[in-house]
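What follows is the residue order along each chain.
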Amino acid sequence: MKIQLEAGSPVHGGYTLGRVDGRVILVDGAIPGETVEIEVDDSEKLWKGTVTQVVTPSPDRVEHVWDRAGGAELGYMKRSAQLEWKTAVIEDAISHLGGSLKAHLKDAGLNIRVREVGPGLGTRTRLDVDVDDEGRLAMHERGSDALVPIDSMPLAAPAINDILANQDAWAGTWKPGDRVRLIAPTGQGPVVAIDKDVYRAPGEKTGSRVLERAAGYSWEVTASGFWQTHEKAPVTLLDAVLKGARIRPGDRVAEFYGGSGLFTLPISEKARAIRMFEGSAGAVRDARRNAPKAEIAQAAINPHLLATGSEGADVVIADPSRAGLGVKGALALAASGAQAIALVSCDPAAMARDVSTMVENGRSVMSLAAFDLFPHTIHTEIVTILS
Ligand SMILES: C[S@@+](CC[C@H](N)C(=O)[O-])C[C@H]1O[C@@H](n2cnc3c(N)ncnc32)[C@H](O)[C@@H]1O
């Protein structure tokens with residue numbers, strides 16, 4: 001079914017809100033204010049529509065930076081419009097899921113504004129791709145299982161694009177069905193990781209870890225493990241967390257979801273002591289090498305551990321995955337004796353729930369900074385400091 005409507009405000013997931021005859025439709029591919037024709041999928045209770053024609057284009061509409069495959073959902077609008085979009089999505093999450101948080105932020109004079117971090121293209125240091133039946137590197141079409149062969153990906157760093165453009169030279173290194181990670185580390189030349197094997201040139205294996213550098217520190221990170229993907233993410237998040245939490249030399253710090261030690265290493269140099277918790281065995285091995293002064297435990301983090309692990313800490317840092325802390329986890333941190341809590345959230349809805357839970361249980365937001373570390377996508381990174 002085709003419908004024409006005016007696209008309303010953006011919401012979580014990359015949609016704008018549309019309304020027809022009082023019914024709400026989630027619209028994919030529109031910019032607020034545009035009149036668009038959409039193909040409606042009415043198979044679910046909540047209708048969704050995909051733009052088939054833009055009737056009245058927004059002045060913010062540009063040629064898509066990457067519509068060959070998924071991974072750049074907002075690539076059809078100017079970067080400034082993407083920042084406004086992401087800001088509106090965070091505000092919407094706070095209004096709908098944040099309880100009294102909206103009023104709390106207003107009273108504290110804190111405005112939300114997603115900040116641009118560097119250029120929109122050429123900044124991604126990791127790209128996960130598949131090998132198709134013909135041995136070509138490929139990505140999934142958005143919302144589909146179909147593989148599209150690629151020889152460039154504009155969001156990725158130039159060194160990754162060099163590998164994509166010269167992939168014939170790598171024939172024989174990977175095979176159909178492989179999952180391949182292309183990495184352009186900040187501290188060394190590019191590598192290709194296929195499962196546990198890492199290559200610095202076609203057929204030429206190298207060590208399993210890559211060197212990352214930021215803010216005068218360096219980390220060795222397992223190629224297949226987690227590391228922030230935007231080249232400026234480490235320095236941006238370190239700055240926001242370290243300055244925001246105001247860690248002093250006498251402080252005892254508890255860190256949860258510490259990964260390979262991005263925050264653990266600098267804090268272990270600044271604070272009296274840091275205890276870090278992380279679930280992945282590989283990340284824990286890396287973190288122990290990267291931050292030998294820290295006490296690092298491999299553990300499944302849950303509300304009980306958030307409570308016991310933060311006992312005696314002056315500062316708590318938590319950087320959970322997309323699901324966030326959860327209400328019980330946020331309650332545990334709110335009840336800790338820490339003077340400062342730094343929460344790094346990569347999902348606006350989880351952030352709104354976690355921060356409002358802490359605010360409604362005695363904590364105050366000192367700052368809330370949102371960074372566009374995933375340009376052209378729907379994702380944002382948010383650092384909230386609470387006292
Ligand atoms: C967003 S990453 C952040 C890592 C690190 N702070 C960084 O910026 O590089 C989240 C980390 O939490 C870990 N993790 C996620 N859920 C976990 C859980 N329930 N228990 C323990 N670790 C978990 C993941 O292995 C991952 O390393």
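For every chain, the first residue of the written sequence is number 1, and numbering continues from 1 along that sequence. Thresholds applied to this predicted model are a pLDDT of at least 70 for local features of residues and 80 or more for the giving and counting of side-chain atom pairs; totals over whole chains, interfaces and linings are not thresholded and use all residues.

The protein is annotated in an unreviewed UniProt entry as Class I SAM-dependent RNA methyltransferase from Flaviflexus equikiangi.

K.L.:
Break down the overall build of the protein for me, citing the residues and quoting the values.
P.N.:
When helices and strands are counted, the protein shows nine helices and 23 strands. In this treatment the radius of gyration is a C-alpha quantity, and the globule benchmark scales as 2.2 Å times the residue count to the 0.38 power. A compact globule built from 387 residues would reach a C-alpha radius of gyration of about 21 Å, and the protein, at 22 Å, matches this within 12%. Each of the three principal axes of the protein carries a C-alpha extent, and together these read 60 × 60 × 35 Å. Burial in this document is a count-based property: other C-beta atoms within 10 Å of a residue's C-beta are tallied, and the residue is buried at 20 or more, exposed at 12 or fewer, or partly exposed in between, with C-beta positions derived from the backbone. By the burial criterion, 46% of the 387 residues in the protein qualify as buried. Considering only contacts within the protein whose residues lie at least 6 apart along the sequence, 58% involve residues at least 24 apart. Runs of E in the DSSP output that reach at least two residues are strands. Runs of H or I that reach at least four are helices, and both are numbered from the N terminus. Two residues qualify as a contact pair if the distance between their C-beta atoms, derived from the backbone, is within 7 Å.

K.L.:
With reference to specific residues and values, describe unusual backbone geometry.
P.N.:
One non-glycine residue, Asp21, lies in positive phi territory at about 50°. Checked against the element boundaries, Asp21 lands in the loop between strand S3 (15-20) and strand S4 (23-28). The exposure class of Asp21 is exposed, given the 5 C-beta atoms found within 10 Å.

K.L.:
Explain the sheet that holds strand S8 (residues 126-131) to me, using residue names and the numbers behind them.
P.N.:
Pairing in this open sheet of seven strands is antiparallel, and the strands run S10-S9-S8-S11-S12-S13-S14 from one edge to the other. Either end of the sheet is taken by a strand with one partner, and the two such strands are strand S10 (147-149) and strand S14 (204-206). The mean angle between the axes of side-by-side strands here comes to 45°, regardless of whether they run parallel or antiparallel. Strand pairing is assigned whenever DSSP detects at least two bridges linking the two strands. With five bridges connecting them, S8 and strand S11 (residues 179-183) associate as antiparallel partners. Across the sheet, Leu127 pairs through a bridge with Leu182, a residue of S11. Note on method: axes are straight lines fitted to C-alpha atoms, helices fitted across the in-contact stretch only, with angles between N-to-C directions ranging 0 to 180 degrees.

K.L.:
Give a description of the site of the ligand that names residues and reports values.
P.N.:
Defining nearness, a residue is near a molecule or strand when the C-beta atom obtained from its backbone falls within 6 Å of it. Taken together, 17 residues surround the ligand, and among them Tyr257, Gly259, Gly279, Ile301 and Asp319 come closest. Residue composition of the shell around the ligand, by class: eight nonpolar, seven polar and two charged. Put simply, Ala, Val, Leu, Ile, Met, Phe, Trp, Tyr, Cys and Pro go in the nonpolar bin, Asp, Glu, Lys and Arg in the charged bin, and everything else, Gly too, in the polar bin.

K.L.:
Could you give an account of the environment of Pro292, with specific residues and numbers?
P.N.:
With respect to the helices, strands and loops of the structure, Pro292 is situated in the loop between helix H6 (281-290) and strand S19 (295-298). For Pro292, a count of 11 C-beta atoms within 10 Å puts it in the exposed group.

K.L.:
Outline the domain arrangement of the protein, supporting the account with residue identities and numerical values.
P.N.:
Segment limits for the domains were obtained from an automatic or database-derived domain assignment. According to the domain assignment, the protein consists of domain 1 (2-61), domain 2 (83-119 + 230-386) and domain 3 (126-222). Averaged C-alpha coordinates put domain 2 and domain 3 at centres separated by 29 Å. Contact residues are listed per partner, giving 14 residues for domain 2 and twelve residues for domain 3. Only helix H4 (233-245), helix H5 (264-270) and H6 provide two or more residues apiece to the side of domain 2 that touches domain 3. By residue number, the principal contributor to the side of domain 2 that touches domain 3 is H6, which donates four residues. Tallied by class, the residues present in the side of domain 2 that touches domain 3 amount to six nonpolar, five polar and three charged.

K.L.:
Can you explain the UniProt feature "binding site: S-adenosyl-L-methionine" (unreviewed entry) in the protein? Please cite residues and give values.
P.N.:
UniProt positions are given in the numbering used here, feature names are shortened, and annotations may be inferred rather than shown by experiment. Feature annotation in UniProt places "binding site: S-adenosyl-L-methionine" (unreviewed entry) on Gln228, Tyr257, Glu278 and Asp319, given in this structure's numbering. We classify Gln228 as buried; it has 24 C-beta atoms within 10 Å. Sequence-distant contacts of Gln228, defined by excluding residues within four places in its chain, comprise Ala233, Pro234, Leu237 and Leu262. Relative to the assigned elements, Asp319 resides in the loop between strand S20 (315-318) and helix H8 (326-334). With 22 C-beta atoms counted inside 10 Å, the residue Asp319 sits in the buried group. Contacts of Asp319, omitting those with residues within four sequence positions, involve Tyr257 and Val344.

K.L.:
I'd like to hear about helix H3 (residues 158-165), residue by residue, with values.
P.N.:
If you check which residues of H3 are buried, you get Ile160, Asn161 and Ile163. Looking down the long axis of H3, one finds its buried residues gathered within 155° of arc, a one-sided arrangement. Looking at H3, the residues exposed on the side facing more than 90 degrees away from the buried face are Pro158 and Ala165. Looking at the buried residues of H3, the elements they touch are S8, S11 and strand S12 (191-194). What the arc measures is the spread of directions leading from the helix axis to the C-beta atoms.

K.L.:
Quick rundown of the UniProt feature "domain: TRAM" (unreviewed entry) in the protein? Include the residues and the values.
P.N.:
Under the UniProt annotation, the feature "domain: TRAM" (unreviewed entry) is placed at residues 1-53. Helix and strand shares over residues 1-53 are 0% and 62% respectively, and the end C-alpha atoms of the span are 14 Å apart.

K.L.:
How would you explain the nonpolar core if you had to name every residue and give the values?
P.N.:
As used here, a nonpolar core is made of buried Ala, Val, Leu, Ile, Met, Phe, Trp, Tyr and Cys residues. They are joined through C-beta atoms within 7 Å. Leu333 and Ala342 are the most contacted members of the largest nonpolar core, which has 111 residues in total. The dominant element in this core, judged by the number of residues it contributes, is helix H9 (residues 348-359), at seven residues. Among residues more than four places away in sequence, those in contact with Leu333 are Leu306, Ser310, Val316, Ala318, Leu325, Ile341 and Met358.

K.L.:
Any details on the pairing of strand S9 (residues 137-140)? Residues and values, ideally.
P.N.:
In terms of strand pairing, S8 meets S9 through two bridges, oriented antiparallel. Among the inter-strand pairings, Asp130 is bridged to a residue of S9, identified as Ala138. Counting the residues between successive antiparallel strands, the hairpin from S8 to S9 contains five residues, one of them, Gly135, with a positive phi of roughly 80°. Pairing between S9 and S10: three bridges, direction antiparallel. Across the sheet, the residue bridging to Ala138 is Pro149, located in S10. What sits between S9 and S10 in their antiparallel hairpin is a turn of six residues, with Gly143 showing a positive phi close to 65°.

K.L.:
So, the pairing of S11: which residues are in play, and what are the values?
P.N.:
Examined bridge by bridge, S11 and S12 share four bridges and lie antiparallel to one another. In the sheet register, Ile183 faces S12, and the bridge partner there is Val191.

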